[in-house]
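# A look at the structure
As a plain string of letters, each chain reads:
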Amino acid sequence: MERVVLVTGASGGVGLALCQRLLEEDGRIHLCIACRSEQKSEATRDLLLAAHPTAQVSTVEVDLGNLASVLRAAQELRCRFQRLDFVYLNAGIMPNPHVNFKALWHGLLTGRVLHMLTTAEGIMTQRDRLNGDGLQEVFTTNLFGHFILVRQLQSLLCGNEKPSRLIWTSSSNARESAFSLSDYQHAKGQESYSSSKYATDLTSVVLNRKLNNQGLFSSVVCPGLVMTNMTYRILPVFIWKLLMPIMWLIRFFAKTYTLTPYNAAEAHVWLFKQKPEYLDLLVKYHSCTTGLGRCYVEARKMDVDEDIAEKFYQKLLELEEQFLEKYSELLD
């Protein structure tokens, strides 16, 4: 039987490139693309089928920042499929990003500028807001919505004949210094994206501890610095055009400057071909590109405290319980 692959955030950027590459890798898969609107889902499906006319591509509408939408999508997927082999938890947002040019200049003077340019540490801030559920929007879209989706799809992911896989899109910007267990939604800070990606790393570690014995394995990838709609919001487009020659040059020194969505999906696709039992579940797999454009994958140990990960997981379960009670009419 064909493998069933679900990809969130599939309508553009890394998600779209990933879908294209997966169909090139194995045209027999059943690819289910999850997008925020029916219009985006159908447009993406048409685009994929134009290049792969015999492919099996279906759609599901889900807004990861809206928990009712997540529950409805999970219910639809449970009705439609008997199992899921891969779930790529890729959707994400970075609202209102701002560059701290003073910090960037300081990094240039202190010799830390390359590190800052590859991790955005100290130079990138965001202004988050509450969503309709009263939760921080970045936390919900990037992590909690995905967490609820996984929990609701456990019957399709666990206990199958072959292992199932979760593959989270994290970031090199995932830093412990931006995350606080007492403010895990990052309501008080200005680095919500970094916090949500570190929370992603913590969640993946705990899910492996809880669910490996049920045949579900979780991995984390970093797509590198890639030019997508999310990136283009950081600076005006004309500035990016001026910077592009410099960025291609930087890639000779910063291997995580993948730049194109195709290159950025390298680690996602590499994991598609691996047996999870042989993977180190405490590493993050980085998409990398040489200065001359060759793609490869590099594994790096994640800087995560497993005790904090367990405590954070318990907080997620408590938050989940609140919202499952609120939306009980959407549960089977």
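Residues numbered from 1 in each chain as written. Predicted model: local features only at pLDDT ≥ 70, side-chain atom pairs only at ≥ 80, totals over all residues. Heavy atoms only, no water.

As recorded in an unreviewed UniProt entry, the chain goes by 3-keto-steroid reductase/17-beta-hydroxysteroid dehydrogenase 7 and comes from Grallaria varia. Database annotation for the chain, UniProt heading Sequence similarities (unreviewed entry): "Belongs to the short-chain dehydrogenases/reductases (SDR) family. ERG27 subfamily." (UniProt positions renumbered as here; feature names shortened; annotations may be inferred.)

## Observations concerning the overall build of the chain
Assigned secondary structure in the chain consists of 13 helices and ten strands. Here the chain holds 332 residues, and the buried ones make up 56% of them. Considering only contacts in the chain between residues 6 or more positions apart, those separated by 24 or more positions represent 74%. When the accessible surface of the chain is split by element, carbon and sulfur atoms take 52% of a total near 15000 Å². (Helix = DSSP H or I, 4+ residues; strand = E, 2+ residues; numbered from the N terminus. Buried < 20%, exposed > 50% of the residue type's maximum accessible area, 1.4 Å probe, protein only. Contact = heavy atoms within 4.5 Å. Areas by Shrake-Rupley, 256 points an atom, 1.4 Å probe, with all protein chains shown as cover.)

## Remarks on the layout of surface pockets
Estimated volume of the second largest pocket: approximately 480 Å³. The wall of the second largest pocket is formed by 15 residues, among which Arg3, Asp85, Glu161, Lys162 and Pro163 lie closest to the centre. Residues belonging to the lining of the second largest pocket are distributed by class as follows: five nonpolar, two polar and eight charged. (1 Å grid on protein atoms, 1.4 Å probe; cavity = no way out; pocket = protein on both sides within 12 Å on 5 of 7 lines; lining within 4 Å. Points joined across faces, edges and corners; volume = space filled by probe spheres on them. Nonpolar A, V, L, I, M, F, W, Y, C, P; charged D, E, K, R; others polar.)

## Things to note about the pairing of strand β3 (residues 56-61)
Relative to β3, strand β2 (residues 30-35) runs parallel, the two being bridged by six bridges. The residue of β3 that forms the bridge with His30 is Gln56. For the segment spanning β2, helix α2 (residues 38-51) and β3, crossover handedness is right-handed. (Pairing = 2+ DSSP bridges. Right-handed = clockwise from strand over helix to strand, strands pointing away.)

## Some points on the state of the cysteines
Disulfides are covalent bonds that connect the sulfur atoms of two cysteines. The final tally for this structure, using the stated rule, is zero disulfides. We note that Cys222 lacks a disulfide partner, and the nearest cysteine sulfur, in Cys288, lies 8.0 Å from it. With a relative accessible area of 0%, Cys288 lands in the buried category. (Disulfide = S-S within 2.5 Å.)

## Topic: the nonpolar core
Counting 56 residues, the largest nonpolar core has Leu6, Leu84, Phe144, Leu153, Leu166 and Phe312 as the members making the most contacts within it. Each residue touching Leu6, except ones within four places of it in the same chain, is listed here: Cys32, Ala34, Val60, Leu77, Leu84, Phe86, Val87, Tyr88, Leu149 and Leu153. Counting 33 residues, the second-largest nonpolar core is a separate cluster that includes Val5, Leu23, Cys35 and Val57. (Core = buried A, V, L, I, M, F, W, Y, C linked by side-chain atoms within 4.5 Å.)

## Observations concerning helix α8 (residues 192-211)
Taking 1.5 Å per residue, 20 residues should reach 28 Å; α8 reaches 28 Å between its end C-alpha atoms and fits that length. Burial analysis of α8 places 18 of its 20 residues in the buried class, which makes it a mostly covered element. (Expected span 1.5 Å × (residues − 1).)

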